[in-house]
Amino acid sequence: MRTLFTIFCLLLINSVSAQKPVILTDYVAMESLTDYQVHFYYDPACKVKVPALFATDSDFEFRRIDFSDPRLQLDSIAPGECIWFRFIFDNRSLEKVSFHLQPGIFSTFGEFRLYQHFPNGIITQRQSGFDIRPEFKDSNISGSDDLRFYIAPGTRDTLYLRTNVIAESVISELTFTVSTHDSVLKKDKIRRVIFGFFLGIMLIMILYHLTIYLKVKELSYLYYILYIIAFLAFFINKEGYVYEIIPQFTSEPVNTFLLQTFLLCFLLLGRAYLDTRKTLRIWDGTLRLAIGFIIGGLILHLAVIILSNTGYKIPYAMTIVLLSINIISAIASLFLAVMPAFILRKRRFPPATYFLVANGFLIIGVFIIVFLNDRTFGKHGLEIGVTLQIVTFSVGLGGKINLLKRDREYAQRKIIAQLRENAALKDKVNRELEDKVRERTQEIRLQKEQIERQNKEIKYSFDYAKRIQSTVLPPVEVFETLFGEHFILLKPRDIVSGDFYWISQKDNKIIITASDCTGHGVPGSLMSMLGITMLHEIVNEKNIIHSEEILNELRTNIARTLKQEGKPGEQKDGMDMALLIYDRARGELEFSGANNPMYIIRSGKMIEYKGDNMPVAYYHHMSDFTRHTVQLQKGDRVYLFTDGFPDQFGGPHGKKFKYKPFKELLMEVHDRPMDEQRRILQMVFDEWKGNLDQIDDVLVMGLRF
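Residues numbered from 1 in each chain as written. Predicted model: local features only at pLDDT ≥ 70, side-chain atom pairs only at ≥ 80, totals over all residues. Heavy atoms only, no water.

J.: An account of the overall build of the protein chain is needed here, citing residue identities and associated values.
T.: Along its length, the protein chain carries 16 helices and 23 strands. Across the 705 residues that make up the protein chain, the buried fraction comes to 44%. Taking the contacts inside the protein chain whose residues are at least 6 apart along the sequence as the reference set, 71% of them involve residues at least 24 apart. For the protein chain, the exposed area adds up to about 38900 Å²; of that, 59% sits on carbon and sulfur atoms. (Helix = DSSP H or I, 4+ residues; strand = E, 2+ residues; numbered from the N terminus. Buried < 20%, exposed > 50% of the residue type's maximum accessible area, 1.4 Å probe, protein only. Contact = heavy atoms within 4.5 Å. Areas by Shrake-Rupley, 256 points an atom, 1.4 Å probe, with all protein chains shown as cover.)

J.: Explain the pattern of salt bridges to me, and be specific about the residues and the numbers.
T.: One side chain can pair with another of opposite charge once the charged atoms of both are near each other. Throughout the structure, instances matching the rule amount to 23 salt bridges. As a salt-bridge pair, Arg-704 and Glu-485 come within 2.8 Å of each other at their nearest N and O atoms. Within this pair, whereas Arg-704 is found in strand 23 (residues 698–704), its partner Glu-485 is found in strand 12 (residues 485–491), the two being separated by 219 residues in sequence. Salt-bridge contacts for Asp-675 lead to Arg-679; the nearest nitrogen and oxygen are separated by 2.6 Å. (Salt bridge = Lys/Arg side-chain N within 4 Å of Asp/Glu carboxyl O.)

J.: If you had to explain the state of the cysteines to someone new, which residues and values would you point to?
T.: The full count for this structure, using the stated rule, is 1 disulfide. What pairs with Cys-46 in a disulfide is Cys-82, and their sulfur atoms sit 1.9 Å apart. In this structure, the disulfide formed by Cys-46 and Cys-82 twists by about 100° around the S-S bond and is classed as right-handed. Separated by 36 residues along the polypeptide, Cys-46 in the loop between strand 3 (39–43) and helix 2 (50–54) and Cys-82 in strand 5 (residues 82–91) bring together distant segments of the chain. (Disulfide = S-S within 2.5 Å.)

J.: Describe the sheet that holds strand 15 (residues 575–583), with residues and values.
T.: Sheet strands pair by backbone hydrogen bonding; their relative direction is either parallel or antiparallel. Taken together, the 5 strands give an open sheet; going across it, the order is 13-14-15-16-19, and neighbouring strands pair in antiparallel fashion. The open sheet is flanked by strand 13 (499–506) and strand 19 (628–631), the only strands paired with a single partner. Across the sheet, the mean angle from the axis of one strand to that of its neighbour is 15°, orientation sign disregarded. Relative to strand 13, helix 13 (residues 521–541) is tilted by about 15°, and along the sheet it contacts strand 13, strand 14 (509–517) and strand 15. This element, helix 14 (residues 547–561), spans strand 14, strand 15 and strand 16 (588–594) of the sheet and lies at about 145° to strand 15. (Pairing = 2+ DSSP bridges. Axes fitted to C-alpha atoms, helices over the stretch in contact; angles between N-to-C directions.)

J.: Which residues make up the nonpolar core, and what values go with them?
T.: Within the largest apolar cluster, 51 residues are counted, with the highest numbers of intra-cluster contacts made by Phe-198, Tyr-224, Tyr-227, Ile-228, Phe-355 and Ile-390. Within the residue set of this core, elements represented by two or more residues are helix 3 (181–216), helix 4 (219–238), helix 5 (252–274), helix 7 (281–309), helix 8 (316–346), helix 9 (350–371) and helix 11 (381–472). If you tally residues by element for this core, the top one is helix 5, at 11 residues. If sequence neighbours within four positions are ignored, Phe-198 has contacts with Phe-231, Leu-232, Phe-235, Glu-383, Val-386 and Thr-387. Judged by nonpolar contacts, the second largest core, of 50 residues, contains Leu-535, Met-577, Tyr-582 and Met-614. (Core = buried A, V, L, I, M, F, W, Y, C linked by side-chain atoms within 4.5 Å.)

J.: Account for the packing of helix 15 (residues 659–669) against helix 16 (residues 674–689), naming residues and giving values.
T.: Where helix 15 meets helix 16, the axes come as close as 10 Å, and the angle between the chain directions of the two elements is 145°. Crossing handedness for the pair helix 15 and helix 16: right-handed. Between helix 15 and helix 16, the contacting residues are Leu-665, Leu-666 and Val-669 on the first element and Gln-677, Ile-680, Leu-681 and Val-684 on the second. When grouped by side-chain class, the residues that make up the contact of helix 15 with helix 16 number 6 nonpolar, 1 polar and no charged. (Left-handed = near helix turned anticlockwise from the far one by under 90°. Nonpolar A, V, L, I, M, F, W, Y, C, P; charged D, E, K, R; others polar.)

J.: Go over helix 3 with me, naming the residues and quoting the values.
T.: Taking 1.5 Å as the rise per residue, helix 3 with 36 residues should run 52 Å; its terminal C-alpha atoms sit 52 Å apart, in good agreement. Lys-217 sits one or two positions beyond helix 3 and adopts a positive phi of about 60°. (Expected span 1.5 Å × (residues − 1).)

J.: Describe unusual backbone geometry, naming the residues involved and giving the relevant values.
T.: The backbone of Lys-563 sits at a positive phi, close to 55°, despite the residue not being glycine. Positionally, Lys-563 belongs in the loop between helix 14 and strand 15. Residue Lys-658 is not a glycine yet carries a positive backbone phi of 75°. Within the fold, Lys-658 resides in the loop between strand 22 (655–656) and helix 15.

J.: Explain helix 7 to me, and be specific about the residues and the numbers.
T.: An ideal rise of 1.5 Å per residue puts 42 Å on 29 residues; helix 7 measures up with 42 Å between its terminal C-alpha atoms. All of the buried residues in helix 7 are Trp-283, Asp-284, Gly-285, Leu-287, Ala-290, Ile-291, Ile-294, Gly-297, Leu-298, His-301, Val-304 and Ile-305.

J.: Can you tell me about the sheet that holds strand 18 (residues 605–609), naming the residues and giving the values?
T.: What the 5 strands build is an open sheet, ordered 12-23-20-17-18; its pairing is antiparallel. What marks the edges here is a single partner per strand, and that holds for strand 12 and strand 18. Geometrically, the sheet is characterised by an average inter-axis angle of 15° between neighbouring strands, direction not taken into account. The pairing of strand 17 (residues 598–602) with strand 18 spans 5 bridges and is classified as antiparallel.

J.: Can you lay out the packing of helix 13 against helix 14 for me, pointing to particular residues and giving the numbers?
T.: Two measures define how a pair of helices packs: the angle their axes make with one another and the distance between the axes. At a closest axis distance of 10 Å, the pairing of helix 13 and helix 14 adopts a crossing angle of 130°. When the axes of helix 13 and helix 14 are compared, the pair comes out oblique. Classified by chirality, the crossing of helix 14 by helix 13 is right-handed. Counted together, Leu-530, Met-534, Leu-535, Ile-538 and Val-539 of helix 13 and Ile-550, Glu-553, Leu-554, Asn-557, Ile-558 and Thr-561 of helix 14 form the full contact between these two elements. In terms of residue class, the contact of helix 13 with helix 14 is made up of 8 nonpolar, 2 polar and 1 charged. (Parallel < 35°, antiparallel > 145°, perpendicular 65-115°, else oblique.)

J.: Lay out the packing of aromatic side chains in plain terms, naming residues and giving numbers.
T.: On inspection of all chains with the given rule, the structure shows 23 aromatic pairs. Summarising the aromatic geometry, the rings of Tyr-41 and Phe-60 are spaced 5.3 Å apart at their centres and angled 75° between planes, so their arrangement reads as edge-to-face. Taken together, the positions of Tyr-41 in strand 3 and Phe-60 in the loop between helix 2 and strand 4 (63–64) put the pair 19 residues apart, joining distant regions of the chain. Seen from their ring centres, Phe-85 and Phe-176 are 5.4 Å apart, and the 65° between their planes marks the pair as edge-to-face. Residue Phe-85 is located in strand 5, and its partner Phe-176 is located in strand 11 (residues 176–180); the two are separated by 91 residues in the primary sequence. Lying across the ring of Tyr-36, Arg-64 places its NZ or CZ 4.3 Å from the centre. (Phe/Tyr/Trp six-rings, centres within 6.5 Å; stacked < 30°, edge-to-face > 60°. Lys NZ or Arg CZ within 6 Å of the ring centre and 35° of its normal.)

J.: Could you give an account of the pairing of strand 7 (residues 111–117), naming the residues involved and the relevant values?
T.: Counting buried positions along strand 7 gives 6 out of 7 residues, so the element sits mostly inside the fold. Sheet topology note: the strand 7/strand 10 (residues 156–164) ladder contains 6 bridges and is antiparallel. Across the sheet, the residue bridging to Glu-111 is Asn-164, located in strand 10. Bridge count between strand 7 and strand 8 (residues 123–128): 6 bridges; the pairing is antiparallel. Among the inter-strand pairings, Leu-114 is bridged to a residue of strand 8, identified as Arg-126. Counting the residues in the hairpin turn of strand 7 and strand 8 gives 5 residues, including Gly-121, whose phi is positive at 95°.

Just distances and angles here, no functional claims.
Dropping the structure here:
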């Protein structure tokens, strides 16, 4: 009895541990393989030779794959290692049928290589996997890793599958199913027909609402179109159709990027559809923050996609961050878009009801795909939910347009009534105005006659002031007597000028100045005559003949005459001046300046002598003026000027002429005769000013020594 019991136990153990065959028939739609039907062999170095597996004396120890057995240490298998799987198939079909060995959709491994040994000694290889390009896969149906094989009816055969473990591989999620080739194609055909029908509906909706958007320019339609496009992009990629052509754009970061884009369009649609900017301003601010958060997530996802495509290994922590962003974005998008709809529905805002119903269909579609995924109907729950959602949105948008149309018609009626009221009021006002116009016309005519008389008197006064100023300015004959060549370009802004020039001779020295008085017109001309009178007194009566002393004395006289003591509110009138003294006997030139410089062009080069940064008047930082002594050379050209030319606005952009172009202009014309230089400067000034007003008096003097 003990012997019989021992034999019975050995037989029982052998029957339990023996690998069970997978029964194949010609009507297998999809059969999951159990642990007893899948045995594995751990090959850490990936060195097992395929012929050795099919040898009759093979000593490889394949064990039943049991994730509950810690002794198998399945969780310790590292990336870069290999696992061999053995399948025994018993084909009981009556006809010649090929089959698909299908790794589960969550079984991400670098390579799947299925080997089969035929009686003629040939060993065939079928390949698929994450690292295998679609065109080299054994069966590339929407990105699946199916491996197709054939076993003659009524026979049994053993097949071996080698898998390469990668970082994304999760051993515990590795499952296998088997289906006939015809059932796989039939299911894929049905899935593609349904998807094509769904895609056609979406494209029709896009084209239809694009036409409406171009007509009514309602922003809700634009976001609605973008929402449909974003969902189509996400769904096409999720269903694996993109993988069949471009596998590099189907990685997890790309999937999450498309999901984030879909959520962004959903929030934009909700904000525009519910018009929260006007109806719920507080919620609108929260929605804008959520939109900004999702845009930040999109930028982060895009950076990860770029880095991963360049070969950079994305840290695991970054993957967790991206997953967290997706979860937060999804929950926040649904909450922030739906809650305002509940509030607005209580306020009897009609579009809110459509919005809630549409999103209810979407939620129902998600529940269908989660809880009825094992049925054909359940697998397409998302398409059904989104289709009903989009159709509901379409109806709701039509209702919103009608609501906007009614509001506009009501507003138009109010405007028309207001216009009629305004027209009646306008007629009354016009009648009153006509009476007043007749009364005022006579007054205006009298005022016009008075103004014309005043203008004639003012014009006469200006002309008389101009004649007086002309008699005070040195005549041109003086310059012609003292210098071989010179020019003077004086263009008053008004009839009389605040810019003046002056010349005087004392013994062998010639004193010349170009001055810009505060203001222009009559005030400027009065200051210019005051300056000329004081210069004559300083040089010819007080016999002061050094440039800096003349400016110091002139400043003292102006401050005393105008009672300038630096008190708040007193007048700041004065002069900017360039003054030079030419010693004919020694050939020397003295120069002193108050804010204005002197240019000397010698041998084709320009030398600039800057004046002191203060006017000839009372100034908060006053010091003695500086004297510059220059030994002149034959052919030197000396230029004195005020700021009227460089500061004139004009040109194609209405900007100032500025000092640098002014210097360049002088350099271009300095070799020409002095009179020709004056004509060129006047022509350039007039062309630059164009139709703009002259803003200041202009004075430029040129002297050749």
